[in-house]
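Topology and contacts: notes
So the chains spell out like this:
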Amino acid sequence: MIISEKQQKANRQNAQHSTGPATPEGRAAVRFNALTYGLRTRATILPDENPADYSNLWDELEADWQPQNRTERSYLETMVTSQWLLARVAASEQKIYLFIEFGEQQFKMLAYVAKQRAQLERSFRTAIDDMKQSKKDRQAGPQQPAAQAAKPAKPAPAPPQSPAYVMADATEAHPTFCAPASADTR
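Thresholds, definitions, all that
- Residues numbered from 1 in each chain as written.
- Predicted model: local features only at pLDDT ≥ 70, side-chain atom pairs only at ≥ 80, totals over all residues.
- Heavy atoms only, no water.
- Salt bridge = Lys/Arg side-chain N within 4 Å of Asp/Glu carboxyl O.
- Helix = DSSP H or I, 4+ residues; strand = E, 2+ residues; numbered from the N terminus.
- Expected span 1.5 Å × (residues − 1).
- Buried < 20%, exposed > 50% of the residue type's maximum accessible area, 1.4 Å probe, protein only.
- Arc of directions from axis to C-beta.
- Contact = heavy atoms within 4.5 Å.
- Polar contact = N/O pair within 3.5 Å; in protein donor to acceptor, adjacent residues only side chain to side chain.
- Core = buried A, V, L, I, M, F, W, Y, C linked by side-chain atoms within 4.5 Å.
- Patch = residues over 30% accessible without salt bridge, like charges linked within 9 Å, V, L, I, M, F, W, Y side chains within 5 Å.
- Areas by Shrake-Rupley, 256 points an atom, 1.4 Å probe, with all protein chains shown as cover.
- Lys, Arg positive; Asp, Glu negative; His and termini not counted.
- Charge placed at Lys NZ, Arg CZ, Asp CG, Glu CD.
- Axes fitted to C-alpha atoms, helices over the stretch in contact; angles between N-to-C directions.
- Parallel < 35°, antiparallel > 145°, perpendicular 65-115°, else oblique.
- Left-handed = near helix turned anticlockwise from the far one by under 90°.
- Nonpolar A, V, L, I, M, F, W, Y, C, P; charged D, E, K, R; others polar.
- Phe/Tyr/Trp six-rings, centres within 6.5 Å; stacked < 30°, edge-to-face > 60°.

1. A word on the pattern of salt bridges
Pairs can form between side chains of opposite charge whenever their charged atoms are close. Taken as a whole and judged by the stated rule, the model has 4 salt bridges. Here Lys135 and Glu72 are joined by a salt bridge, their closest N and O atoms 4.0 Å apart. Here Lys135, found in helix α5 (residues 104-140), pairs with Glu72, found in helix α4 (residues 70-99); they are 63 residues apart in sequence, far enough to count as distant. Where Glu93 meets Arg117, a salt bridge forms, and the shortest distance between an N and an O atom there is 2.5 Å. Of the two residues, Glu93 sits in helix α4 while Arg117 sits in helix α5, which places them 24 residues apart along the sequence. Each of the salt bridges in this network shares a partner with another, and the network as a whole consists of Glu72, Lys135 and Arg138.

2. Description of helix α3 (residues 51-65)
Structurally, the α-helix is built with 3.6 residues per turn, so residues lying three or four positions apart point the same way. If you check α3, its first and last C-alpha atoms are 21 Å apart, about what 15 residues at 1.5 Å a residue would give, namely 21 Å. For α3, the complete set of buried residues consists of Tyr54, Leu57, Leu61 and Trp65. Along the axis of α3, the buried residues cluster in a sector spanning 60°; they form a single face. Summarising the contacts, the buried residues of α3 are in contact with α4 and α5. Measuring from the side-chain oxygen of the N-cap residue of α3 to the backbone nitrogen of Ala52 gives 3.0 Å; that N-cap residue is Asn50.

3. Details of the nonpolar core
For soluble globular proteins, nonpolar side chains are generally found buried alongside one another. Among the nonpolar cores identified, the biggest contains 19 residues, and Leu61, Trp65, Leu76, Met79 and Val80 are the most heavily contacted of them. Of all elements in the fold, only α3, α4 and α5 reach the threshold of two or more residues within this core. With 8 residues, the top contributor of residues to this core is α4.

4. A word on a negative patch on the surface
Together, Asp59, Glu60, Glu62 and Asp64 make up a region of like negative charge exposed at the surface. For Glu62, a relative accessible area of 33% puts it in the partly exposed group.

5. Regarding the packing of α3 against α4
Here α3 crosses α4 at 135°, and the two axes come no closer than 10 Å. With respect to their mutual orientation, α3 and α4 come out oblique. The two elements α3 and α4 meet at a crossing, and its hand is right-handed. On the side of α3, the interface is formed by Asp53, Tyr54, Leu57, Trp58, Leu61, Glu62 and Trp65, while α4 contributes Leu76, Glu77, Met79, Val80, Thr81, Gln83 and Trp84. Its residues assigned to classes, the contact of α3 with α4 shows 9 nonpolar, 2 polar and 3 charged.

6. With respect to the packing of aromatic side chains
Centre-to-centre distance and the angle between the planes together describe a pair of aromatic rings. Taken as a whole, this structure holds 3 aromatic pairs when the rule is applied. Between Tyr54 and Trp84, the ring centres sit 5.3 Å apart and the planes meet at 90°, which makes this aromatic pair edge-to-face. A residue pair is termed long-range when its members are at least 10 positions apart, and Tyr54 in helix α3 and Trp84 in helix α4 qualify at 30 residues. For the pair formed by Tyr54 and Trp84, the shared burial category is buried.

7. With respect to unusual backbone geometry
Even without being glycine, Gln66 reaches a positive phi, approximately 45°. With respect to the element layout, Gln66 can be found in the loop between α3 and α4.

8. As for the side chain of Thr44
Along the chain, the position of Thr44 falls in the loop between α2 (24-30) and α3. With relative accessibility at 17%, the residue Thr44 sits in the buried group.

9. What about α4?
The terminal C-alpha atoms of α4, which comprises 30 residues, lie 43 Å apart, in line with the 44 Å expected from a rise of 1.5 Å per residue. Capping the start of α4 is the job of one residue whose side-chain oxygen sits 3.2 Å from the backbone nitrogen of Thr71: Asn69.

Structural data, given as structure tokens:
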């Protein structure tokens, strides 16, 4: 799309007005505008949060679950991060009740917080289930002993041949969730 020279000049002039905050206070106010939430954020711990609390949570869950391999450590990371963010969500919910006036805006924010809470709780439960399954699989050991794994497997016997299915010509009663039977018009 080609724009006129006049429009280009207007765009350049307008761009001079949107250069971001100029004062340190303005920069401080907008520094977290692009912060993304979730399990894979760049900064799990915000500046006003205590890194020692995060480390304690990690240490406690690690002692409980004792991951033995990289996969189990990933599940542990998901559990720790989910719990950390759930605590943040709870604090956010409290702030919504304290600082946002009762009404539509408060309901909208509480709905968003409830959605975040549900996602994080689901993530935590899934990581626990995955961790349990991984531990169970690891404790069960290899599926086959090494001696059996070296031998080629015998081909499975062919299933017995059953007679070909023949559809009845008559239209029979079908369950209520199916369309009524009709003659094949192909």
